[in-house]
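Letter by letter, the chains look like this.
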Amino acid sequence: MLDKLITTHDLSDAELLRFFSEPQEEAPLFAAADAVRREYYGDEVYMRGLIEFTNICKNDCYYCGIRRSNSHAVRYRLTDAEILACCDEGYDLGYRTFVLQGGEDGFFTDDKICAIVSAIKAAHPDCAVTLSIGEKSRESYQAYYDAGARRYLLRHETADPVHYRKLHPAEMSLENRKRCLFDLKAIGYQVGSGFMIGSPYQTPETLLSDIRFLQALCPAMIGVGPYITHRETPFAEMPPGELHFSLRIVALLRLMFPKALIPATTAFASLHAEGRELALRAGANVVMPNLSPVTVRKHYDLYENKVCLGDEAAHCRGCMERRIASAGYRAVVAVGDSLV
Ligand code: SF4
């Protein structure tokens, strides 16, 4: 199966189901994934500055710690000036990509988002702006693009309609999520999608549909990470995703999508002290250190035991560079476009 993955970058449905059902030998799998990432991206790991600018969300996804029904969440919004200050600090630290992430917060109208994107581009024209602010109309996505945003992250979370319904309330729909992703691609964004690994009710069959959906979408970035439980959700009693299974999925994705950017997500680091390094060695090639003000970080509480909550941006950068080097790679702060 590994030889076929390496040569064709694909597997049959039956082979993928076997991959998801049976433990694979990790050393040759990770070595093959590492060889592919080095063939396309060398030893570079791209660093993106993450700014979590609002934790207010109108949605109620059952797995999410900042869902609207969590009355214990301490809510915050950064002001435009605070967001720009994060970018300025990030720029001085060398970052050339800023990722603006938030819940679906109606306060941030399209005009406000466009003004923020334009202001960042005016202040730092050599930087890329990535948005991760959820499901919007095609017109909204076009307006953000016209303002200067060029990348958009929107995980599909599951491509299986029955599984989707178990993770999300009735007012949300998989059809709309998919519509958003294809609209973003049609406009010209570099699109990132992905899913949680080990989310409640996930099965080998739902994972198969995730892979096939990603093949249809052909995203520039694929973000995956182990599901981590949050106590203030309906899934409080559900077990988290499994680290080694999640690492094998990263390696599988690297081998199936050799040109994609694959982040070593914070969820890996939250599950294991060296989770990011392990994900890098399994084929990931992006990290997103946090540039948000330390005072609000703990409130962007998507899941429990999230790491790096108290570290200043400069510390995050230094720490991340050391971790990347210890894993055998080289940190790069350049814009770092996807090869897809
Ligand atoms: S996962 Fe995203 S859309 Fe869903 S509740 Fe959390 S922040 Fe909102």
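Scroll up to find the structure this text is about.
The present account deals with the structure reproduced in this document. Everything numeric in this text was worked out from a predicted model, so none of it was measured.

1. Focus: the site of the ligand
In the region of the ligand, the neighbouring residues are Cys57, Asn59, Cys61, Cys64, Ile66, Arg67, Gly103, Glu104 and Gly134. Grouping the constituent residues of the shell around the ligand by class yields four nonpolar, three polar and two charged.

2. Regarding the nonpolar core
If you look at the biggest cluster of nonpolar residues, it comprises 101 residues, and the most contacted ones within it are Val45, Ile51, Val250, Ala251, Leu253, Ala279 and Ala282. When sequence neighbours within four positions are dropped, the list of residues in contact with Val45 reads Leu280, Asn285, Val286, Val287, Ile324, Tyr329, Arg330, Ala331 and Val332.

3. Some thoughts on the sheet that holds strand β5 (residues 151-153)
Across the sheet, which stays open at both edges, the six strands sit in the order β2-β3-β4-β5-β6-β7 with parallel pairing between neighbours. Strands at the two margins of the open sheet, each flanked by one partner only, are β2 (49-54) and β7 (221-226). Looking at each pair of strands side by side, their axes are set apart by 20° on average, direction ignored. Of the strand pairs in this sheet, β2 and strand β3 (residues 97-102) are connected by five bridges, and their pairing is parallel.

4. Some remarks on the sheet that holds strand β9 (residues 330-332)
Sheet strands associate in pairs through backbone hydrogen bonding, adopting either a parallel or an antiparallel arrangement. On the basis of which strands lie adjacent, the open sheet formed by three strands has the order β8-β1-β9 and parallel pairing. A strand with exactly one partner marks an edge of an open sheet, and here the two such strands are β8 (286-287) and β9. Across two bridges, the pairing between strand β1 (residues 44-47) and β8 is parallel. Bridge assignment links Tyr46 to a residue of β8, and that residue is Val286.

5. Notes on the pairing of β7
Burial analysis of β7 places six of its six residues in the buried class, the great majority of the element. The alternating pattern of β7 places Met221, Gly223 and Gly225 on one face and Ile222, Val224 and Pro226 on the opposite face, and all of these are buried. Judged from the six bridges that link them, strand β6 (residues 190-197) and β7 form a sheet pairing that is parallel. Counted as the bridge partner of Ser193 is Ile222 from β7. After leaving β6, the chain enters helix α9 (residues 204-217) and then returns to the sheet as β7, a path that is right-handed.

The rules behind the values
- Residues numbered from 1 in each chain as written.
- Predicted model: local features only at pLDDT ≥ 70, side-chain atom pairs only at ≥ 80, totals over all residues.
- Near = placed C-beta within 6 Å.
- Nonpolar A, V, L, I, M, F, W, Y, C, P; charged D, E, K, R; others polar.
- Core = buried A, V, L, I, M, F, W, Y, C linked by C-beta atoms within 7 Å.
- Buried ≥ 20, exposed ≤ 12 C-beta atoms within 10 Å, placed from the backbone.
- Contact = placed C-beta atoms within 7 Å.
- Pairing = 2+ DSSP bridges.
- Helix = DSSP H or I, 4+ residues; strand = E, 2+ residues; numbered from the N terminus.
- Axes fitted to C-alpha atoms, helices over the stretch in contact; angles between N-to-C directions.
- Right-handed = clockwise from strand over helix to strand, strands pointing away.

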